[in-house]
Amino acid sequence: MDFPTILVLATFISGLIWGLDRLLLAPKRLAAAEGSEGEEREERLKEPLAVEYARSFFPIILIVLLLRSFVVEPFRIPSGSMMPTLLVGDFILVNKFAYGLRLPVSHTKVLDLGEPQRGDAVVFRYPENPSVDYIKRVVGVPGDEVAYINKTLFINGEPASQQPAGTYIGDGANAAMNGAAIRREDLLGVEHDILIVTERPDRNFKFTVPEGEYFVMGDNRDNSRDSRFWGTVPEANLVGKAFMIWMNWDGNGPMADWIEWNRIGDRIH
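Sequence positions are assigned chain by chain, starting from 1 and proceeding in written order. pLDDT decides what is reported in this predicted model: residues at 70 or higher carry local features, side-chain atom pairs at 80 or more are listed and counted, and totals for whole chains, interfaces and linings draw on all residues regardless. To obtain the side-chain values, all non-hydrogen atoms of the structure were included, while hydrogens and water were left out.

**A few points about the overall build of the chain**
Now for step 1: In DSSP terms, a helix is any run of H or I states spanning at least four residues, a strand is any run of E spanning at least two, and both are numbered starting from the N terminus. Helix and strand counts for the chain stand at four helices and 16 strands.
Now for step 2: Our radius of gyration is a C-alpha quantity, and the globule rule it is checked against amounts to 2.2 Å times the number of residues to the power 0.38. A compact globule built from 269 residues should have a C-alpha radius of gyration of about 18 Å, whereas the chain, at 25 Å, is more than 25% larger.
Now for step 3: Considering only C-alpha atoms, the chain reaches an extent of 85 × 50 × 30 Å along its principal axes.
Now for step 4: Three labels apply to residues, based on accessible area from a 1.4 Å probe with only protein chains included: buried if under 20% of the type maximum, exposed if over 50%, partly exposed otherwise in between. Put simply, the chain has 269 residues, and 40% of those count as buried.
Now for step 5: Here, residues are in contact when the closest pair of their heavy atoms is within 4.5 Å. A fraction of 58% describes how many contacts in the chain between residues 6 or more apart in sequence connect residues 24 or more apart.
Now for step 6: Accessible surface computed for the chain: about 14,200 Å², of which carbon and sulfur atoms make up 58%.
Now for step 7: Neither His nor the chain ends is counted toward charge; the positive residues are Lys and Arg and the negative residues Asp and Glu. A single reference atom marks each charge: NZ on Lys, CZ on Arg, CG on Asp, CD on Glu. For the chain, the separation between the mean place of its 28 positive charges and that of its 37 negative charges on side chains is 2 Å. Accessible surface area values rest on a Shrake-Rupley calculation with a 1.4 Å probe, where residue burial reflects the displayed protein chains alone.

Next up, the structure:
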(Lines give C-alpha, C1' and ligand atoms only; values in the text may rest on other atoms or scores of the structure.)
Protein backbone atom coordinates (compact mmCIF):
# COMPACT_ATOMS: atom_id res chain seq x y z
CA MET A 1 0.00 0.00 0.00
CA ASP A 2 1.62 3.25 -1.11
CA PHE A 3 1.64 6.55 0.77
CA PRO A 4 -1.13 8.26 -1.27
CA THR A 5 -3.46 5.32 -0.57
CA ILE A 6 -2.63 5.51 3.15
CA LEU A 7 -3.36 9.26 3.14
CA VAL A 8 -6.71 8.79 1.41
CA LEU A 9 -7.75 6.01 3.80
CA ALA A 10 -6.62 7.99 6.85
CA THR A 11 -8.56 11.04 5.66
CA PHE A 12 -11.69 8.98 4.98
CA ILE A 13 -11.60 7.03 8.26
CA SER A 14 -10.85 10.02 10.50
CA GLY A 15 -13.48 12.12 8.70
CA LEU A 16 -16.04 9.33 8.98
CA ILE A 17 -15.45 8.88 12.71
CA TRP A 18 -15.66 12.60 13.38
CA GLY A 19 -18.74 13.03 11.16
CA LEU A 20 -20.66 10.12 12.69
CA ASP A 21 -19.89 11.42 16.15
CA ARG A 22 -21.17 14.90 15.29
CA LEU A 23 -24.35 13.51 13.76
CA LEU A 24 -25.19 10.62 16.08
CA LEU A 25 -23.17 10.40 19.28
CA ALA A 26 -22.63 14.04 20.25
CA PRO A 27 -26.39 14.79 20.48
CA LYS A 28 -26.82 11.73 22.73
CA ARG A 29 -24.01 12.89 25.01
CA LEU A 30 -25.55 16.35 25.18
CA ALA A 31 -28.96 14.92 26.08
CA ALA A 32 -27.39 12.69 28.74
CA ALA A 33 -25.61 15.69 30.27
CA GLU A 34 -28.79 17.78 30.69
CA GLY A 35 -29.46 18.52 34.33
CA SER A 36 -26.00 17.52 35.46
CA GLU A 37 -23.27 19.90 36.59
CA GLY A 38 -19.57 20.09 37.27
CA GLU A 39 -17.40 17.01 36.84
CA GLU A 40 -20.41 14.81 36.15
CA ARG A 41 -21.44 16.99 33.19
CA GLU A 42 -17.90 17.09 31.83
CA GLU A 43 -17.66 13.32 32.12
CA ARG A 44 -20.91 12.78 30.21
CA LEU A 45 -19.88 15.24 27.47
CA LYS A 46 -16.40 13.77 27.11
CA GLU A 47 -15.61 12.50 23.62
CA PRO A 48 -14.38 8.93 23.14
CA LEU A 49 -10.64 8.78 22.58
CA ALA A 50 -11.04 7.68 18.94
CA VAL A 51 -13.28 10.67 18.23
CA GLU A 52 -10.84 13.04 19.93
CA TYR A 53 -7.98 11.76 17.77
CA ALA A 54 -10.10 11.88 14.62
CA ARG A 55 -11.20 15.47 15.29
CA SER A 56 -7.59 16.52 15.90
CA PHE A 57 -5.96 14.77 12.96
CA PHE A 58 -8.62 14.97 10.24
CA PRO A 59 -7.94 18.62 9.22
CA ILE A 60 -4.17 18.05 9.22
CA ILE A 61 -4.35 14.87 7.14
CA LEU A 62 -6.81 16.50 4.73
CA ILE A 63 -4.54 19.50 4.18
CA VAL A 64 -1.51 17.23 3.60
CA LEU A 65 -3.53 15.13 1.15
CA LEU A 66 -4.72 18.16 -0.83
CA LEU A 67 -1.29 19.80 -0.94
CA ARG A 68 0.52 16.60 -1.87
CA SER A 69 -2.05 15.57 -4.48
CA PHE A 70 -2.71 18.87 -6.23
CA VAL A 71 -0.02 21.43 -5.35
CA VAL A 72 3.48 20.19 -4.48
CA GLU A 73 5.11 16.91 -3.50
CA PRO A 74 8.61 16.22 -2.15
CA PHE A 75 10.88 13.57 -3.65
CA ARG A 76 14.39 12.33 -2.93
CA ILE A 77 16.96 11.69 -5.67
CA PRO A 78 18.40 8.19 -5.04
CA SER A 79 20.72 7.91 -8.06
CA GLY A 80 23.09 9.94 -10.20
CA SER A 81 21.23 9.67 -13.51
CA MET A 82 20.44 13.42 -13.55
CA MET A 83 23.91 14.66 -12.62
CA PRO A 84 25.12 17.38 -12.69
CA THR A 85 21.67 19.02 -12.51
CA LEU A 86 20.59 16.85 -9.57
CA LEU A 87 22.95 15.04 -7.22
CA VAL A 88 22.56 11.92 -5.10
CA GLY A 89 20.96 13.10 -1.86
CA ASP A 90 19.01 16.03 -3.31
CA PHE A 91 15.48 16.47 -2.00
CA ILE A 92 13.30 18.18 -4.59
CA LEU A 93 9.87 19.75 -4.86
CA VAL A 94 7.58 18.84 -7.74
CA ASN A 95 4.79 21.00 -9.13
CA LYS A 96 1.77 18.67 -9.20
CA PHE A 97 -0.51 20.90 -11.29
CA ALA A 98 1.94 21.80 -14.10
CA TYR A 99 0.54 19.07 -16.35
CA GLY A 100 -3.01 18.95 -15.00
CA LEU A 101 -4.76 17.94 -11.80
CA ARG A 102 -5.02 14.22 -11.11
CA LEU A 103 -6.91 12.36 -8.42
CA PRO A 104 -4.78 10.57 -5.82
CA VAL A 105 -4.46 6.77 -6.08
CA SER A 106 -6.37 6.44 -9.40
CA HIS A 107 -4.25 9.16 -11.10
CA THR A 108 -7.23 10.13 -13.24
CA LYS A 109 -6.79 13.58 -14.77
CA VAL A 110 -9.67 15.88 -13.86
CA LEU A 111 -8.32 19.18 -15.18
CA ASP A 112 -5.90 19.74 -18.07
CA LEU A 113 -3.55 22.65 -17.32
CA GLY A 114 -0.56 22.08 -19.59
CA GLU A 115 1.81 19.66 -21.26
CA PRO A 116 5.52 18.88 -20.79
CA GLN A 117 7.89 20.90 -22.94
CA ARG A 118 11.32 19.93 -24.20
CA GLY A 119 13.82 20.55 -21.42
CA ASP A 120 11.41 19.99 -18.52
CA ALA A 121 12.75 17.87 -15.65
CA VAL A 122 9.75 15.63 -15.00
CA VAL A 123 8.83 13.09 -12.35
CA PHE A 124 6.81 10.14 -13.66
CA ARG A 125 5.75 6.65 -12.72
CA TYR A 126 8.26 4.25 -14.27
CA PRO A 127 6.41 2.51 -17.15
CA GLU A 128 7.86 -0.93 -16.29
CA ASN A 129 6.92 -0.58 -12.60
CA PRO A 130 4.41 2.23 -11.93
CA SER A 131 4.94 1.95 -8.17
CA VAL A 132 8.41 3.51 -8.66
CA ASP A 133 8.90 7.21 -9.41
CA TYR A 134 11.63 8.31 -11.83
CA ILE A 135 12.95 11.73 -12.79
CA LYS A 136 14.41 12.50 -16.23
CA ARG A 137 14.48 15.35 -18.73
CA VAL A 138 11.99 15.54 -21.60
CA VAL A 139 13.93 15.67 -24.87
CA GLY A 140 11.16 14.64 -27.25
CA VAL A 141 7.46 15.51 -27.32
CA PRO A 142 4.76 13.77 -29.40
CA GLY A 143 5.65 13.80 -33.08
CA ASP A 144 9.35 14.60 -32.61
CA GLU A 145 12.03 12.57 -34.33
CA VAL A 146 14.70 12.06 -31.68
CA ALA A 147 18.18 10.84 -32.59
CA TYR A 148 21.33 10.38 -30.54
CA ILE A 149 24.48 10.05 -32.61
CA ASN A 150 28.07 10.30 -31.34
CA LYS A 151 26.83 11.66 -27.99
CA THR A 152 24.91 14.50 -29.68
CA LEU A 153 21.14 14.81 -29.45
CA PHE A 154 19.18 15.66 -32.62
CA ILE A 155 15.57 16.87 -32.56
CA ASN A 156 13.81 16.72 -35.93
CA GLY A 157 17.20 16.71 -37.60
CA GLU A 158 18.50 19.76 -35.70
CA PRO A 159 21.45 19.14 -33.34
CA ALA A 160 21.32 20.28 -29.71
CA SER A 161 24.59 22.19 -29.51
CA GLN A 162 27.07 21.40 -26.73
CA GLN A 163 29.71 23.71 -25.29
CA PRO A 164 32.51 22.46 -22.99
CA ALA A 165 31.92 23.62 -19.39
CA GLY A 166 34.73 21.96 -17.42
CA THR A 167 35.32 18.66 -15.68
CA TYR A 168 33.03 17.29 -12.99
CA ILE A 169 34.45 16.91 -9.46
CA GLY A 170 32.08 15.77 -6.71
CA ASP A 171 32.08 14.39 -3.16
CA GLY A 172 30.53 11.40 -1.42
CA ALA A 173 28.29 9.26 -3.60
CA ASN A 174 28.64 11.78 -6.43
CA ALA A 175 32.40 11.23 -6.69
CA ALA A 176 31.69 8.21 -8.90
CA MET A 177 31.40 10.59 -11.86
CA ASN A 178 34.61 12.51 -11.17
CA GLY A 179 36.47 13.25 -14.37
CA ALA A 180 33.38 13.26 -16.61
CA ALA A 181 33.12 16.14 -19.08
CA ILE A 182 30.53 18.82 -18.28
CA ARG A 183 28.86 20.22 -21.36
CA ARG A 184 26.28 22.99 -21.64
CA GLU A 185 23.58 21.63 -23.95
CA ASP A 186 21.17 23.91 -25.80
CA LEU A 187 18.04 21.82 -26.28
CA LEU A 188 16.54 24.07 -28.97
CA GLY A 189 16.39 27.05 -26.62
CA VAL A 190 16.55 25.31 -23.22
CA GLU A 191 20.07 25.29 -21.75
CA HIS A 192 21.22 22.84 -19.08
CA ASP A 193 24.40 20.97 -18.14
CA ILE A 194 24.99 17.33 -18.99
CA LEU A 195 27.77 14.84 -18.21
CA ILE A 196 29.60 12.94 -20.94
CA VAL A 197 32.09 10.10 -20.47
CA THR A 198 33.94 10.26 -23.77
CA GLU A 199 35.52 6.80 -23.52
CA ARG A 200 32.20 4.98 -23.04
CA PRO A 201 30.58 3.57 -26.19
CA ASP A 202 27.63 5.41 -27.72
CA ARG A 203 24.10 4.04 -27.83
CA ASN A 204 23.08 5.58 -31.15
CA PHE A 205 19.43 5.51 -32.20
CA LYS A 206 16.69 7.30 -34.12
CA PHE A 207 13.08 7.26 -32.92
CA THR A 208 9.78 9.03 -33.63
CA VAL A 209 7.79 9.82 -30.47
CA PRO A 210 4.17 8.53 -30.64
CA GLU A 211 1.17 10.67 -29.73
CA GLY A 212 0.53 10.85 -26.01
CA GLU A 213 4.11 9.78 -25.21
CA TYR A 214 7.33 11.55 -24.17
CA PHE A 215 10.96 10.63 -24.78
CA VAL A 216 13.09 11.25 -21.69
CA MET A 217 16.82 11.06 -20.97
CA GLY A 218 19.02 11.59 -17.94
CA ASP A 219 21.47 14.50 -17.92
CA ASN A 220 24.16 11.97 -16.97
CA ARG A 221 24.05 10.70 -20.54
CA ASP A 222 26.41 7.74 -20.14
CA ASN A 223 25.01 6.59 -16.80
CA SER A 224 21.23 6.70 -17.14
CA ARG A 225 18.61 4.08 -17.90
CA ASP A 226 15.97 6.05 -19.75
CA SER A 227 13.86 5.99 -22.92
CA ARG A 228 16.84 4.66 -24.84
CA PHE A 229 16.43 1.40 -22.91
CA TRP A 230 12.76 1.00 -21.90
CA GLY A 231 10.82 3.29 -24.25
CA THR A 232 8.68 6.38 -23.88
CA VAL A 233 6.65 7.71 -20.96
CA PRO A 234 2.85 7.72 -21.43
CA GLU A 235 1.11 10.98 -20.59
CA ALA A 236 -0.94 9.11 -17.97
CA ASN A 237 2.27 8.32 -16.02
CA LEU A 238 3.27 11.96 -15.50
CA VAL A 239 3.46 13.11 -11.88
CA GLY A 240 4.72 16.69 -12.19
CA LYS A 241 7.53 19.11 -13.00
CA ALA A 242 10.55 19.37 -10.68
CA PHE A 243 11.27 22.99 -9.83
CA MET A 244 13.42 23.34 -6.69
CA ILE A 245 15.94 21.64 -4.41
CA TRP A 246 14.78 22.10 -0.81
CA MET A 247 17.41 19.94 0.91
CA ASN A 248 20.58 17.96 0.20
CA TRP A 249 21.68 15.08 2.40
CA ASP A 250 24.30 12.75 0.99
CA GLY A 251 25.31 10.74 4.07
CA ASN A 252 28.56 9.58 2.44
CA GLY A 253 32.06 10.77 3.25
CA PRO A 254 32.97 13.10 6.16
CA MET A 255 30.00 14.18 8.29
CA ALA A 256 30.84 17.84 7.66
CA ASP A 257 30.13 17.27 3.96
CA TRP A 258 26.82 15.42 4.33
CA ILE A 259 24.77 18.56 3.62
CA GLU A 260 25.60 20.83 0.69
CA TRP A 261 24.09 24.04 2.04
CA ASN A 262 24.71 25.96 -1.19
CA ARG A 263 22.28 23.69 -3.08
CA ILE A 264 19.30 24.38 -0.81
CA GLY A 265 16.80 26.60 -2.59
CA ASP A 266 18.35 26.12 -6.05
CA ARG A 267 15.93 26.23 -8.96
CA ILE A 268 15.94 23.22 -11.27
CA HIS A 269 16.54 24.07 -14.91
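Next comes the rest of the account.
**Quick look at the pattern of salt bridges**
Now for step 1: By definition here, a salt bridge exists when the distance from a side-chain nitrogen of Lys or Arg to a carboxyl oxygen of Asp or Glu is within 4 Å. Within this structure, the stated rule accounts for 18 salt bridges.
Now for step 2: Note that Asp 222 and Lys 151 form a salt bridge whose closest N and O atoms lie 2.8 Å from each other. Remark: Lys 151 occurs in the loop between β7 (145-149) and β8 (152-155) and Asp 222 occurs in the loop between β14 (213-217) and α4 (227-230); sequence separation between them is 71 residues. In terms of burial, Asp 222 and Lys 151 fall into one category: buried.
Now for step 3: Put simply, Arg 228 and Asp 226 hold a salt bridge, and the shortest N to O gap is 2.8 Å. Residue Arg 228 shares its accessibility class with Asp 226, and that shared class is buried.
Now for step 4: Via salt bridges that share partners, Arg 102, Lys 109, Asp 112 and Glu 235 belong to a single interconnected network.

**A closer look at the sheet that holds strand β11 (residues 181-187)**
Now for step 1: Overall, antiparallel pairing links the three strands, which are arranged β10-β11-β12 in an open sheet. Lying at the two open borders of the sheet, with one neighbouring strand each, are β10 (161-167) and β12 (190-196). Each strand of the sheet is rotated relative to its neighbour by a mean of 30°, with strand direction disregarded.
Now for step 2: Bridging between β11 and β12 involves seven bridges; their strand directions are antiparallel. Each pair of strands is called paired provided DSSP finds at least two bridges between the two strands. Lines are fitted to the C-alpha atoms to define the axes, a helix being fitted only along its stretch in contact, and any angle between axes, read from their N-to-C directions, falls within 0 to 180 degrees.

**Quick notes on the side chain of Arg 228**
Now for step 1: Locating Arg 228 in the fold gives a position in helix α4.
Now for step 2: Any N or O atom pair separated by 3.5 Å or less is treated as a polar contact, with the protein-specific requirement of one donor-capable and one acceptor-capable atom, and with residues adjacent in sequence counted only for side-chain atom pairs. Separated by 2.8 Å, the side chain of Arg 228 and the backbone oxygen of Arg 221 make a polar contact.
Now for step 3: Residues within four places of Arg 228 in sequence aside, it is in contact with Tyr 148, Arg 203, Phe 205, Phe 215, Met 217 and Arg 221.

**So, the packing of aromatic side chains**
Now for step 1: The criterion for an aromatic pair is that two Phe, Tyr or Trp rings (for Trp, the six-membered ring) have centres within 6.5 Å, with stacked assigned to planes under 30 degrees apart, edge-to-face to planes over 60 apart and tilted to the rest. Using the criterion set out here, one finds eleven aromatic pairs in the structure.
Now for step 2: Seen from their ring centres, Phe 124 and Trp 230 are 5.9 Å apart, and the 50° between their planes marks the pair as tilted. Note that Phe 124 is positioned in strand β5 (residues 121-125) and Trp 230 in helix α4, a separation of 106 residues in sequence.
Now for step 3: Judged by its relative accessible area of 0%, Phe 124 is buried.
Now for step 4: Under the relative-accessibility criterion, Trp 230 is labelled buried at 10%.
Now for step 5: A ring is considered to have a charge above it if a Lys NZ or an Arg CZ atom is located within 6 Å of its centre and within 35 degrees of its normal. Just above the ring of Tyr 148 sits the side chain of Arg 228; from NZ or CZ to the centre is 5.5 Å.

**Structural notes on helix α1 (residues 3-33)**
Now for step 1: Bending of α1 peaks at approximately 50° at the position of Arg 22.
Now for step 2: Residues of α1 that are buried: Pro 4, Thr 5, Leu 7, Thr 11, Ser 14, Asp 21, Arg 29 and Ala 33.
Now for step 3: Gly 35, located one to two residues past α1, shows a positive phi value of around 85°. Note on bend: the value at a residue is the angle between axes fitted to the seven residues ending there and to the seven starting there.

**Quick look at a nonpolar patch on the surface**
Now for step 1: Only residues whose relative accessible area exceeds 30% and that form no salt bridge are eligible for patches; like-charged ones are grouped when within 9 Å, while nonpolar side chains (Val, Leu, Ile, Met, Phe, Trp, Tyr) are grouped when within 5 Å. Taken together, the side chains of Leu 9, Phe 12, Ile 13, Leu 16, Ile 17, Leu 20, Leu 23, Leu 24 and Leu 25 present a nonpolar region at the surface, about 830 Å² in accessible area.
Now for step 2: Structurally, Ile 13 can be placed in helix α1.

**Focus: the side chain of Ser 81**
Now for step 1: Here Ser 81 lies in the loop between β1 (72-76) and β2 (90-95).
Now for step 2: Among the residues examined, Ser 81 registers a relative accessible area of 9% and is labelled buried.
Now for step 3: If near-sequence neighbours (up to four positions away) are discounted, Ser 81 is found in contact with Ile 135, Lys 136, Gly 218, Asp 219, Asn 220, Asn 223 and Ser 224.

**Regarding the pairing of strand β6 (residues 133-140)**
Now for step 1: The element β6 is extensively covered by neighbouring structure, given that six of its eight residues are classed as buried.
Now for step 2: Sheet topology note: the β5/β6 ladder contains five bridges and is antiparallel. Directly across from Arg 125, in β6, lies its bridge partner Asp 133.
Now for step 3: Pairing of β6 with β14 involves three bridges; the strand directions are antiparallel. By the bridge assignment, Arg 137 is partnered in β14 with Met 217.

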